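# Working through the structure, step by step
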Amino acid sequence: MTNTPSAMILPPLSRGGEPLVDQIVHAIAARIDDRVLRAGVRLPSIRQFAAAHGVSSFTVVASYDRLVAHGYLESRRGAGFFVRPRAGSRPIAPELADGGALRPPLDVSWLVRNMFSQSHQTKPGTGLLPQDWLDAPLLSQALRAVSRQHSSVLLNYGVPQGFLPLRQQLQLKLAELEVQALPSQLVTTVGVTQALDLVAREFARPGDTVFVDDPGWFMAFAAFASMGLKVVGVPRLADGPDIARLESLAALHKPALYVVSSVLHNPTSTSMSAAKAFQLLRIAGEHGITVVEDDVYCDLLPAAQPVTRLAALDQLQRVIYLGGFSKTLSANLRVGFIAASEENARRLAERKLLSTLTSSEVGERVIYKILSEGLYRKHADRLRVRLDAVRTRTVRLAERSGLTVDIVPSAGMFLWVDAPCDTGELALSAHAQGILLAPGTLFSPAQLPSTRLRLNVAALDRPAWDFLERAIGSGPTP
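Before going into details, it helps to say that this report is about the structure given with it. (Residues numbered from 1 in each chain as written. Predicted model: local features only at pLDDT ≥ 70, side-chain atom pairs only at ≥ 80, totals over all residues. Heavy atoms only, no water.)

### Points about helix α11 (residues 274-287)
For α11, with 14 residues, the first-to-last C-alpha span of 20 Å sits near the 20 Å given by 1.5 Å per residue. Taken residue by residue, α11 has Lys276, Ala277, Leu280, Leu281, Ile283, Ala284 and His287 as its buried positions. All buried residues of α11 project into a common sector of 160 degrees when viewed along the axis, lining one side. Opposite the buried face of α11, by more than 90 degrees, sit the exposed residues Phe278 and Glu286. Count one or two residues on from α11 and you reach glycine 288, which has phi positive near 65 degrees. (Helix = DSSP H or I, 4+ residues; strand = E, 2+ residues; numbered from the N terminus. Expected span 1.5 Å × (residues − 1). Buried < 20%, exposed > 50% of the residue type's maximum accessible area, 1.4 Å probe, protein only. Arc of directions from axis to C-beta.)

### Things to note about the nonpolar core
Soluble globular proteins: nonpolar side chains tend toward being buried together. Counting 69 residues, the largest nonpolar core has Phe224, Leu322, Ile338, Leu437 and Leu468 as its most contacted members. For this core, the element with the most residues is helix α8 (residues 191-203), which contributes seven residues. The contacts of leucine 322, once residues within four sequence positions are left out, are Val192, Ala195, Leu196, Val199, Val292, Glu293, Asp294, Asp295, Val296, Phe337 and Ile338. In this structure, Ala181, Val234, Leu249 and Ala312 belong to the second largest nonpolar core, which totals 47 residues. (Core = buried A, V, L, I, M, F, W, Y, C linked by side-chain atoms within 4.5 Å. Contact = heavy atoms within 4.5 Å.)

### A few points about the environment of threonine 441
Checked against the element boundaries, threonine 441 lands in the loop between β12 (438-439) and β13 (452-456). Under the relative-accessibility criterion, threonine 441 is labelled buried at 10%. From its side chain, threonine 441 meets the backbone oxygen of leucine 448 in a polar contact 3.0 Å long. (Polar contact = N/O pair within 3.5 Å; in protein donor to acceptor, adjacent residues only side chain to side chain.)

### Focus: the side chain of lysine 352
Within the secondary structure layout, lysine 352 lies in helix α13 (residues 342-356). For the buried lysine 352, no salt bridge is present, and the opposite-charge side chain at shortest range is glutamate 364, 4.5 Å distant. Among the polar contacts listed, one links the side chain of lysine 352 to the backbone oxygen of threonine 188, at a separation of 2.7 Å. Ignoring any residue separated from it by four or fewer positions in sequence, one finds lysine 352 in contact with Val159, Pro160, Gln161, Gly162, Val187, Thr188, Thr189, Leu198, Leu357, Thr358, Ser359 and Glu364. (Lys, Arg positive; Asp, Glu negative; His and termini not counted. Salt bridge = Lys/Arg side-chain N within 4 Å of Asp/Glu carboxyl O.)

### Structural notes on helix α15 (residues 375-400)
The first and last C-alpha atoms of α15 sit 39 Å apart over 26 residues, in line with the 38 Å expected at 1.5 Å per residue. Buried within α15 are the following residues: Tyr376, His379, Ala380, Leu383, Arg384, Leu387, Arg391, Thr394, Val395, Leu397 and Ala398. Of the surrounding elements, those touching the buried residues of α15 are α5 (136-147), α7 (164-176), α14 (361-372), β11 (414-418) and α17 (462-472). Positioned one or two residues after α15, glycine 402 has a phi angle of 100 degrees, which is positive.

### Quick word on a nonpolar patch on the surface
Residues Tyr157, Leu353 and Leu357 make up a contiguous nonpolar surface patch of roughly 310 Å² in combined accessible area. Along the chain, leucine 357 falls in the loop between α13 and α14. (Patch = residues over 30% accessible without salt bridge, like charges linked within 9 Å, V, L, I, M, F, W, Y side chains within 5 Å. Areas by Shrake-Rupley, 256 points an atom, 1.4 Å probe, with all protein chains shown as cover.)

### Overview of the pattern of salt bridges
A complete count under the given rule lists 20 salt bridges for this structure. In this structure, glutamate 286 engages arginine 282 in a salt bridge whose closest nitrogen and oxygen atoms are separated by 3.3 Å. Taken together, the positions of glutamate 286 and arginine 282, both in helix α11 and four residues apart, correspond to about one turn of that helix. Classification of arginine 282 as partly exposed rests on a relative accessible area of 35%. With a shortest N-O distance of 2.6 Å, arginine 452 and aspartate 406 are connected by a salt bridge. In this pair, arginine 452 is assigned in strand β13 and aspartate 406 in the loop between α15 and β11, connecting sequence segments 46 residues apart. Overall, arginine 452 belongs to the buried group, its relative accessible area being 19%. Among the charged side chains, a network of salt bridges with common partners joins Glu202, Arg347 and Arg351.

### Quick notes on the pairing of strand β5 (residues 230-237)
Direction of pairing for strand β4 (residues 209-214) relative to β5: parallel, over a ladder of six bridges. Residue pairing for β5: valine 212 is matched across the bridge by glycine 233. Where the polypeptide runs from β4 across helix α9 (residues 218-226) and back to β5, its parallel neighbour, the crossover connection is right-handed. One ladder, built from two bridges, connects β5 with strand β6 (residues 240-241); its direction is antiparallel. Bridge pairing in β6 places leucine 237 opposite glycine 240. Connecting β5 to the antiparallel partner β6 that follows it, the hairpin turn spans two residues. (Pairing = 2+ DSSP bridges. Right-handed = clockwise from strand over helix to strand, strands pointing away.)

### Looking at the packing of helix α16 (residues 423-432) against α17
Running from N to C, α16 and α17 cross one another at 130 degrees; their axes reach a closest spacing of 11 Å. Relative to α17, the element α16 is oriented oblique. Considering how the two elements wind past one another, α16 and α17 form a crossing that is right-handed. Side by side, α16 and α17 meet where Leu426, Ser429 and Ala430 of the first sit next to Phe467, Leu468 and Ala471 of the second. Taken together, the residues of the contact of α16 with α17 sort by class into five nonpolar, one polar and no charged. (Axes fitted to C-alpha atoms, helices over the stretch in contact; angles between N-to-C directions. Parallel < 35°, antiparallel > 145°, perpendicular 65-115°, else oblique. Left-handed = near helix turned anticlockwise from the far one by under 90°. Nonpolar A, V, L, I, M, F, W, Y, C, P; charged D, E, K, R; others polar.)

Take a look at the structure:
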């Protein structure tokens with residue numbers, strides 16, 4: 001008979017808000033959907049579950065009965081409740097000799113899929129700020145104002161290049177960053193993800209090489225590979241790319257694109273030095289490389305901190321600049337933008353038209369209203385102050401938990417820490433307990449085993465710290 005798995009140890013149940021039965025049903029169903037609980041696994045007895053989670057037997061009975069009714073469990077008289085094989089489900093991992101199962105492989109889609117999963121109540125591996133850090137009333141007010149306008153705003157297509165008043169507002173925003181871009185040089189997108197997709201499809205062909213930061217944004221690796229592009233990582237140091245390696249790799253591979261982050265790099269939250277920025281552009285010019293600057297974390301950097309943006313040096317001749325508001329305002333609005341030369345902007349607007357026609361003008365009008373009324377600046381200021389406060393505490397707790405913090409950024413939401421173990425294995429163990437971690441292996445195109453871990457300083461809570469301390473073996477939380 002299959003033993004009760006550690007995956008049945010649920011995160012602490014909330015005693016307010018969602019009913020206990022609903023919490024238990026949702027948590028167990030999510031584990032079954034994610035194949036953390038395999039078909040045939042026996043759940044704890046009603047008495048065991050009630051004692052382990054501090055609930056009544058009646059609550060457990062109601063939860064199990066509902067899961068049976070929904071096809072997740074089956075009840076075997078005298079034996080208990082078992083996970084039911086589900087029609088259309090993907091094959092379960094083959095069993096090992098000891099009766100266990102092979103763990104699911106870690107890949108880029110693993111982290112992305114689990115970011116949207118409801119089975120994780122603690123998500124220090126996510127790339128978003130917690131919902132209670134964002135300003136829902138600000139968005140609601142702007143959305144109501146937009147909805148009161150003429151009905152055509154809600155019912156018709158937008159403009160392929162993007163809502164003109166928003167592009168005019170973005171012109172002012174970029175000017176503050178010393179990037180000169182006319183509205184005709186701007187194209188709105190469905191987030192930075194679509195922006196990167198449009199650029200890659202327009203300026204690279206299957207078989208071409210694309211350079212990326214290593215470590216870098218894992219979504220880019222998967223997206224480029226799906227297009228038939230060869231992804232090559234350029235080692236990223238604390239002040240930017242390893243210039244010697246970049247020169248040798250450029251001579252060898254002749255890449256079509258180099259996707260790089262100069263400000264608050266993901267996952268390290270470090271920024272590129274002026275010297276590295278100049279050298280990068282020199283190499284790009286010598287080898288005919290189009291540089292794509294991802295600046296989605298732009299507004300988490302205090303204005304007083306001096307940085308050098310590639311787009312400011314190049315003024316959009318060889319550099320294509322990407323930005324957006326998913327990290328600071330709302331991931332659901334999906335409003336991003338591209339700034340490029342007049343010719344490149346025209347080509348990208350045409351490609352956008354052929355792929356998605358337009359982006360949502362409703363979302364673009366909401367962003368425009370928030371920007372144009374001066375509300376965004378104050379909101380971003382509050383986020384930066386709050387991140388500064390929690391970052392200091394997170395560094396201290398990380399070190400007491402046995403993690404090495406060798407890079408302490410001055411801004412941003414991430415820490416890139418070193419653990420005394422394979423963080424891929426650590427992430428799988430955390431996953432079984434409802435905690436989402438982002439292991440270092442996912443941030444390199446080679447996806448080799450890594451001891452690195454990306455932590456979101458705003459999303460670390462007590463359950464996450466408790467898990468890390470148990471797993472790494474340091475003392476109790478201070």
